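# Breakdown of the fold
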Amino acid sequence: MDQYQNRQDMVTIPLDTVESHWQMVFSKYDRKGDGHIPLKELKDTLVRETSHELPEHAVRKIIAKADLNQDGYIQFPEFLSLVESKEGRIVMDSVFRRYVKSTIPPRKSRKTRHDLTDGEYEDEYTCNPPAVCMLIVSIIEILIFLWNVVSTSHNQFLGPVARNLIYDPHKRDEIWRYLSYMFVHIGHVHLIVNLLVQILVGVPLEMVHKWWRVLSIYLAGVIAGSLGTSIADPSVFLAGASGGVYAIIAAHVSTIILNWSEMEQPGLQLLIFIIIGVVDIGTAVYNRHTGAPQSQQIGYAAHLAGALAGLLVGVFMLRNLEVRSWEKKLWWIALFIYVALMFVAIVWNIAYPSYFPPPYKY
């Protein structure tokens, strides 16, 4: 044990780091900033700050030895010689501990899940590992869109890829369509808008919460979008990744709620995401029910369902930097609501076929 302790005592610290620390302490007592501390003033201050640890006469004797040129002032080289001496280290270690405690506020104690780290939310952004998941998803969507365009020259909606991947209410038995419609986009504008939003919103989320959480939320939004549309607007065909896009937008709202105290300007961020969602969904609802051209009609039910899925899944899946008691309850409530809604939607699709458009007759 003694050998281990001796090894610990022999650990060295770079000199420039040590000097920079003591320079901060020296500057604290150098009130005039001229590089000279009056000897009497330093004595009185150190006696006051170490009175409970060292007797006054010992401190005064140690400080007197530090004034090497006997000019009544302590300069930084003399101060550094003092702290490097055996006697001076006893005094200055106590002073430095007090200095650190007075200048560095303690971090809040945090009760965290096993994979969380302490720190402000913005400090958690990292590019290690690189946040490429949403970029890869976007590239796949671009490639499938180009494949569909090349396969047909007259109507992208009727291309072979679109016909096999789009959500078709008459082919609900082809269950892959509840997910695969995310790869079909009706026109380049539709594609570009979805790509921009999911990259600009998804990548920052991925940098904090890791790719697998963001991808899970994205896919949950896509599936919720098709299930929600099948019930709320059963005759609608569905294409595009808007369900997933709105899921990661709403997931930002979840993380703002959970990490409110750890974020800078959380109210402003929350307001921005709410405005974006309300304006876009409001426009989609208006176009859907006012006879707008088919190209302008958007499956708003998929947007709403995707957003709801992202909000709920985000609450119980995204990282929470400081878990509070009410957030634990919110976690279980969100999980229960999400599972219940998904169960109802799936059972509805299976148990009530007469509610939906009939299958095609070939």
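Given the structure is predicted, the values throughout are model-derived calculations rather than measurements.

### Points about a nonpolar patch on the surface
Nonpolar side chains collect at one region of the surface, where Ile257, Leu308, Leu311, Trp326, Ile333, Phe336, Ile337 and Leu341 lie side by side and expose about 720 Å² of accessible area between them. Contributing elements (two or more residues each) for the nonpolar patch: α14 (300-317) and α15 (325-351). Topologically, Leu341 is positioned in helix α15.

### Let's talk about unusual backbone geometry
Each neighbour pair has its own omega, and for Asn128 with Pro129 the value is 0 degrees, a cis peptide bond. Checked against the element boundaries, Pro129 lands in the loop between α6 (86-103) and α7 (133-151). Phi at Lys210 takes a positive value of approximately 75 degrees, unusual for a residue other than glycine. Looking at the secondary structure, you find Lys210 in the loop between α10 (188-209) and α11 (211-232). Its relative accessible area of 25% is what places Lys210 among the partly exposed residues.

### Some thoughts on the packing of α11 against helix α12 (residues 242-258)
Interhelical geometry of α11 versus α12 gives an angle of 130 degrees and a closest axis separation of 7 Å. Between α11 and α12, the angle is such that the two are oblique. As α11 runs across α12, the sense of the crossing is right-handed. Together, Val214, Ile217, Tyr218, Gly221 and Val222 of α11 and Gly243, Gly244, Val245, Ala247, Ile248 and Ala251 of α12 make up the contact between the two elements.

### Focus on the packing of aromatic side chains
All told, the structure shown has seven aromatic pairs when counted by the stated rule. Judged by centre distance (4.7 Å) and plane angle (80 degrees), the rings of Trp331 and Trp332 are edge-to-face. For Trp332, a relative accessible area of 57% corresponds to the exposed category. Relative to Tyr352, the ring of Trp348 lies with its centre 6.4 Å away and its plane at 70 degrees, an arrangement referred to as edge-to-face. The exposure class assigned to Trp348 is partly exposed, which follows from its relative accessible area of 31%. The class for Tyr352 is partly exposed, based on a relative accessible area of 48%.

### A short note on the confidence of the model for the protein
Model confidence for the protein is summarised by a mean pLDDT of 77, while 72% of its residues fall at 70 or above. Averaged over each element, pLDDT in the protein is lowest for helix α1 (residues 2-9) (43) and highest for helix α9 (residues 177-180) (96). Ignoring residues within four places in sequence, the model shows residues 1-17, a span with pLDDT below 50, making two contacts including any to other chains. pLDDT under 50 marks residues 99-119. Its contacts with residues more than four places away, or in other chains, come to 35 contacts.

### Comments concerning the pattern of salt bridges
Inspection of the entire model under this criterion finds two salt bridges. Its salt-bridge partner being Arg177, residue Glu174 comes within 2.5 Å of it at the nearest N-O pair. Assessed through its relative accessible area of 2%, Arg177 is described here as buried.

### Regarding the nonpolar core
Ranked by internal contacts, the top residues of the largest apolar core, which has 46 residues, are Ile217, Tyr218, Ile248 and Tyr338. Sorting the residues of this core by element identifies α7, α10, α11, α12, α13 (266-289), α14 and α15 as the ones contributing at least two each. Examining the composition of this core, we find that eight residues originate from one element, α11, more than from any other. Judged by nonpolar contacts, the second largest core, of 12 residues, contains Tyr29, Ile74, Phe76 and Phe79.

### Side note on the UniProt feature "transmembrane region" (unreviewed entry) in the protein
Under the UniProt annotation, the feature "transmembrane region" (unreviewed entry) is placed at residues 131-150, 178-203, 215-232, 238-260, 267-286, 298-318 and 330-352. Taken end to end, residues 131-150 is 90% helix and 0% strand, and its first and last C-alpha atoms sit 30 Å apart. Secondary structure across residues 215-232 comprises 100% helix and 0% strand; the distance between its end C-alpha atoms is 25 Å.

### With respect to α15
Given 3.6 residues to a turn, an α-helix orients residues that are three or four positions apart in the same direction. Counted at 1.5 Å a residue, the expected span for α15 with its 27 residues is 39 Å, and the 39 Å between its end C-alpha atoms agrees. When we look at burial in α15, the residues that qualify are Glu327, Ala334, Tyr338, Met342, Ala345 and Asn349. The inward-facing, buried residues of α15 contact α9, α11, α12 and α14.

### Thoughts on α14
For α14, which comprises 18 residues, the first-to-last C-alpha distance of 25 Å matches the rise-based estimate of 26 Å (1.5 Å per residue) to within 8%. Counting buried positions along α14 yields 14 of 18 residues, so the element is predominantly enclosed.

Calculation criteria
Residues numbered from 1 in each chain as written. Predicted model: local features only at pLDDT ≥ 70, side-chain atom pairs only at ≥ 80, totals over all residues. Heavy atoms only, no water. Patch = residues over 30% accessible without salt bridge, like charges linked within 9 Å, V, L, I, M, F, W, Y side chains within 5 Å. Areas by Shrake-Rupley, 256 points an atom, 1.4 Å probe, with all protein chains shown as cover. Salt bridge = Lys/Arg side-chain N within 4 Å of Asp/Glu carboxyl O. Helix = DSSP H or I, 4+ residues; strand = E, 2+ residues; numbered from the N terminus. Buried < 20%, exposed > 50% of the residue type's maximum accessible area, 1.4 Å probe, protein only. Axes fitted to C-alpha atoms, helices over the stretch in contact; angles between N-to-C directions. Parallel < 35°, antiparallel > 145°, perpendicular 65-115°, else oblique. Left-handed = near helix turned anticlockwise from the far one by under 90°. Contact = heavy atoms within 4.5 Å. Phe/Tyr/Trp six-rings, centres within 6.5 Å; stacked < 30°, edge-to-face > 60°. pLDDT = per-residue confidence, 0-100. Core = buried A, V, L, I, M, F, W, Y, C linked by side-chain atoms within 4.5 Å. UniProt positions renumbered as here; feature names shortened; annotations may be inferred. Expected span 1.5 Å × (residues − 1).

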